[in-house]
Amino acid sequence: EGYARLVCLLERLASCSFAPAASPEQLAESERVLADDVVRLAGFGHLCPNRIIAMTLDVYETRLVERDASPLVQPLLSLLKRFPPKRLTEVAVFTLLAHPPAPPAPGAR
């Protein structure tokens, strides 16, 4: 249940958009509150920090392929900045090594 809740929080964090547009202060406060909720959930739910990073990177990757996603990925980046750089690197390398690239399609160069 903790990881399902984490995915919901990450999706909310990645889609921090308001209609009508929020002021920069409101947007910053929303980002901070959602990031704090992720940190609290990690502590209360005994969630693995490495899995939190990996899941955040997955949501980040998904958002990057969307058109005009740059404003939506900023809250995820602010969450990732809360982790030590060494841990971020370790998780990213592990993820890349665990999921090798797909073989090229037949006939593709």
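Residues numbered from 1 in each chain as written. Predicted model: local features only at pLDDT ≥ 70, side-chain atom pairs only at ≥ 80, totals over all residues. Heavy atoms only, no water.

Enquirer: For this particular structure, what's the right way to read the overall build of the chain?
Expert: Regarding its fold elements, the chain presents five helices and zero strands. Traced from its N-terminal end to its C-terminal end, the chain shows the element sequence α-α-α-α-α. Pairs at least 24 apart in sequence give 70% of the contacts found in the chain among residues at least 6 apart. In the form shown here, the chain has an accessible surface area of approximately 7700 Å², with 61% of it arising from carbon and sulfur atoms. (Helix = DSSP H or I, 4+ residues; strand = E, 2+ residues; numbered from the N terminus. Contact = heavy atoms within 4.5 Å. Areas by Shrake-Rupley, 256 points an atom, 1.4 Å probe, with all protein chains shown as cover.)

Enquirer: Help me understand helix H3 (residues 49-64), please; the structure alone is not making it clear to me.
Expert: Within an α-helix, residues lying three or four positions from one another point in the same direction, as the helix has 3.6 residues per turn. A rise of 1.5 Å per residue sets the reference length of H3, with its 16 residues, at 22 Å; its end C-alpha atoms lie 22 Å apart and thus fit the reference within 8%. Within H3 the residues assigned to the buried category are Ile 52, Ile 53, Met 55, Thr 56, Val 59 and Arg 63. Buried residues in H3, looked at end-on, bunch into an arc of 165°, giving them a common side. (Expected span 1.5 Å × (residues − 1). Buried < 20%, exposed > 50% of the residue type's maximum accessible area, 1.4 Å probe, protein only. Arc of directions from axis to C-beta.)

Enquirer: I'm lost on the packing of aromatic side chains in this one. Help?
Expert: The description of an aromatic ring pair rests on the distance of the ring centres and on the angle between the ring planes. Within the structure shown, the criterion is met by zero aromatic pairs. Seen from the ring of Tyr 3, Arg 51 lies directly overhead, with NZ or CZ sitting 4.7 Å from the centre. (Phe/Tyr/Trp six-rings, centres within 6.5 Å; stacked < 30°, edge-to-face > 60°. Lys NZ or Arg CZ within 6 Å of the ring centre and 35° of its normal.)

Enquirer: Explain the packing of helix H1 (residues 2-14) against helix H2 (residues 24-44) to me, please; I cannot follow it from the model alone.
Expert: Packed helix pairs are specified by the crossing angle of their axes together with the interaxial distance, meaning the distance between the axes. Running from N to C, H1 and H2 point in directions that differ by 165°, and their axes come no closer than 10 Å. In terms of axis orientation, H1 runs roughly antiparallel to H2. The crossing of H1 and H2 is left-handed. Judged by residue contacts, Gly 2, Arg 5, Leu 6, Leu 9, Leu 10, Arg 12 and Leu 13 of H1 engage Glu 31, Leu 34, Ala 35, Asp 37, Val 38 and Leu 41 from H2. (Axes fitted to C-alpha atoms, helices over the stretch in contact; angles between N-to-C directions. Parallel < 35°, antiparallel > 145°, perpendicular 65-115°, else oblique. Left-handed = near helix turned anticlockwise from the far one by under 90°.)

Enquirer: Which parts of the structure should I look at to understand the pattern of salt bridges?
Expert: A pair can form between side chains of opposite charge whenever their charged atoms are brought close. Applying the stated rule across the entire model yields five salt bridges. The shortest N-O distance in the salt bridge between Asp 36 and Arg 32 comes to 2.8 Å. One end of the pair is Asp 36 and the other is Arg 32, both in helix H2 and four residues apart, which spans about a single turn. Asp 36 gets classed as buried once you look at its relative accessible area, which sits at 19%. (Salt bridge = Lys/Arg side-chain N within 4 Å of Asp/Glu carboxyl O.)

Enquirer: Would you take a moment to explain the side chain of Thr 56 for this structure?
Expert: Mapped onto the elements, Thr 56 comes out in helix H3. Separated by 2.7 Å, the side chain of Thr 56 and the backbone oxygen of Ile 52 make a polar contact. Here Thr 56 is in contact with Leu 10, Leu 76, Leu 79 and Leu 80, once residues within four sequence places are set aside. (Polar contact = N/O pair within 3.5 Å; in protein donor to acceptor, adjacent residues only side chain to side chain.)

Enquirer: Would you explain the environment of Gln 74 in this entry?
Expert: Summarising the element assignment, Gln 74 is placed in helix H4 (residues 70-80). Judged by its relative accessible area of 43%, Gln 74 is partly exposed. Sequence separation of Gln 74 and Ala 14 is 60 residues, and the distance between their C-alpha atoms is 7.9 Å.

Enquirer: Explanation requested: the packing of H1 against H3 in the structure shown.
Expert: Relative to each other, H1 and H3 sit at 40°, their axes nearing to 10 Å. Between H1 and H3, the interaxial angle falls into the category oblique. Both H1 and H3 take part in a crossing whose hand is right-handed. Taking contact as the criterion, the partners of Tyr 3, Leu 6, Val 7, Leu 10, Glu 11 and Ala 14 in H1 are, on H3, Arg 51, Ile 52, Met 55, Thr 56, Val 59 and Arg 63. Among the residues making up the contact of H1 with H3, the classes are represented as eight nonpolar, one polar and three charged. (Nonpolar A, V, L, I, M, F, W, Y, C, P; charged D, E, K, R; others polar.)

Purely geometric stuff here, so don't read any function into it on its own.
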